[in-house]
Amino acid sequence: MRRVFAVISAILPALAVACVYAPEGAPPPQPVTLAAPAPAPPAHFVALTATLPHAPSEGLPPSVLDPIQEGAPLLLDLTLLPPLTPSIRQPDGTYILAESCDFGVVEAGAVSLPTGSYHMLINAELGTPSANPASLLSCEYDPALMSDDSPGASWRLRGCFLPQAVSIPTATLWALSPLPASACGIGN
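Reference entry: report on the structure contained in this document. Computed from a prediction, not measured in an experiment: that's the story for all the values here. (Residues numbered from 1 in each chain as written. Predicted model: local features only at pLDDT ≥ 70, side-chain atom pairs only at ≥ 80, totals over all residues. Heavy atoms only, no water.)

1. Describing the overall build of the chain
Scanning the chain from N- to C-terminus turns up one helix and 10 strands. Along the chain direction, N to C, the helices and strands of the chain fall in the order α-β-β-β-β-β-β-β-β-β-β. For the chain, buried positions account for 31% of its 188 residues. Long-range contacts, defined as pairs at least 24 residues apart, comprise 62% of the intrachain contacts of the chain with a sequence gap of at least 6. Working note: accessible area of the chain is about 12300 Å², and carbon and sulfur atoms make up 63% of it. (Helix = DSSP H or I, 4+ residues; strand = E, 2+ residues; numbered from the N terminus. Buried < 20%, exposed > 50% of the residue type's maximum accessible area, 1.4 Å probe, protein only. Contact = heavy atoms within 4.5 Å. Areas by Shrake-Rupley, 256 points an atom, 1.4 Å probe, with all protein chains shown as cover.)

Here you go:
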């Protein structure tokens with residue numbers, strides 16, 4: 001009996017304090033609601049769709065490529081029309097001019113793209129198709145380009161890249177490294 005009395009006497013002061021803080025006629029406390037987490041801000045990337053040659057530039061870098069920013073992911077869709085032709089890196093590390101076109105995807109690990117100016121060069125690493133599915137070089141059919149000397153081919157580079165500017169004498173080289181498609185807002 002002593003134990004029961006000891007337990008009751010220990011509980012009564014705590015119960016009395018609870019009644020003081022929450023009297024009988026008081027409204028029940030509002031449930032606590034957790035704020036929904038703020039949505040992540042959209043990733044900053046530059047989207048650039050361009051065709052080269054763009055316009056006569058008197059040897060200057062084409063203004064259509066001005067939006068490229070160093071360090072900002074670049075969602076690129078670049079079409080090269082004749083006489084511009086890309087060079088494709090060979091397994092031994094040398095580059096050769098892409099002379100033939102089978103119309104479709106071109107297997108390449110890296111490509112060097114002429115811009116129509118000696119003051120700007122573009123080298124793009126394409127990565128592997130499994131790791132960088134957004135990166136693609138293709139040769140596409142364009143009947144407007146057909147002539148006795150041309151089967152009507154244009155070259156197209158698409159992908160998500162991280163641009164890095166490298167200064168070389170009298171020119172800038174844009175080195176494009178492949179990024180996951182998500183860095184350019186593609187996919188999840």
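From this point on, the discussion continues.
2. Observations regarding the state of the cysteines
Scanning the model with the defined rule gives one disulfide in all. The partner cysteine of C160 in its disulfide is C184, sulfur to sulfur 2.1 Å. Between C160 and C184 the disulfide shows an S-S torsion of about 80 degrees. By sign, it is right-handed. One end of the pair, C160, is in strand β9 (residues 151–168); the other, C184, is in the segment after β10 (171–178), with 24 residues separating them in the sequence. The burial state of C160 is the same as that of C184; both residues are buried. (Disulfide = S-S within 2.5 Å.)

3. Some details on the pairing of β9
For strand β2 (residues 74–80) and β9, the ladder comprises seven bridges, and the chain directions are antiparallel. Residue L80 lies in a different strand from β9, and its bridge partner there is W155. Inspection of the sheet shows strand β8 (residues 136–146) paired to β9 by seven bridges, in the antiparallel sense. When the sheet's bridge partners are listed, L136 is paired in β9 with R158. Connecting β8 to the next strand, β9, in antiparallel fashion are four residues. Taken together, the eight bridges between β9 and β10 define a ladder with antiparallel strand orientation. Directly across from V166, in β10, lies its bridge partner L173. (Pairing = 2+ DSSP bridges.)

4. Comments concerning the pairing of strand β6 (residues 110–114)
Bridge count for strand β3 (residues 87–89) against β6 is two bridges, and the pairing is antiparallel. Along β6, the bridge assignment pairs I88 with V111. Bridge analysis of β6 against strand β7 (residues 120–125) gives five bridges, and the strand direction is antiparallel. Its bridge partner being in β7, L113 is matched across the sheet by I122. Linking two consecutive strands that pair antiparallel, namely β6 and β7, is a turn of five residues; a positive phi of about 90 degrees is found at G116 within it.

5. Some details on the environment of D66
The residue D66 is located in the loop between β1 (46–52) and β2 in this model. Spatially, the C-alpha atoms of D66 and L48 are 9.5 Å apart, while their sequence positions differ by 18 residues.

6. Brief notes about the pattern of salt bridges
Taken as a whole and assessed by the stated rule, the structure comprises four salt bridges. Close ionic contact of D77 with R156 constitutes a salt bridge, the shortest N to O distance being 2.6 Å. Linking D77 in strand β2 with R156 in strand β9, this pair joins segments that are 79 residues apart in sequence. Residue classification places R156 among the partly exposed residues on the basis of a relative accessible area of 21%. E140 is paired through a salt bridge with R156; the nearest N and O atoms lie 3.6 Å apart. Placement of E140 in strand β8 and of R156 in strand β9 is noted, with a sequence separation of 16 residues between them. You can call E140 partly exposed: its relative accessible area is 25%. What emerges from the salt-bridge pattern is a single network uniting D77, E140, R156 and R158. (Salt bridge = Lys/Arg side-chain N within 4 Å of Asp/Glu carboxyl O.)

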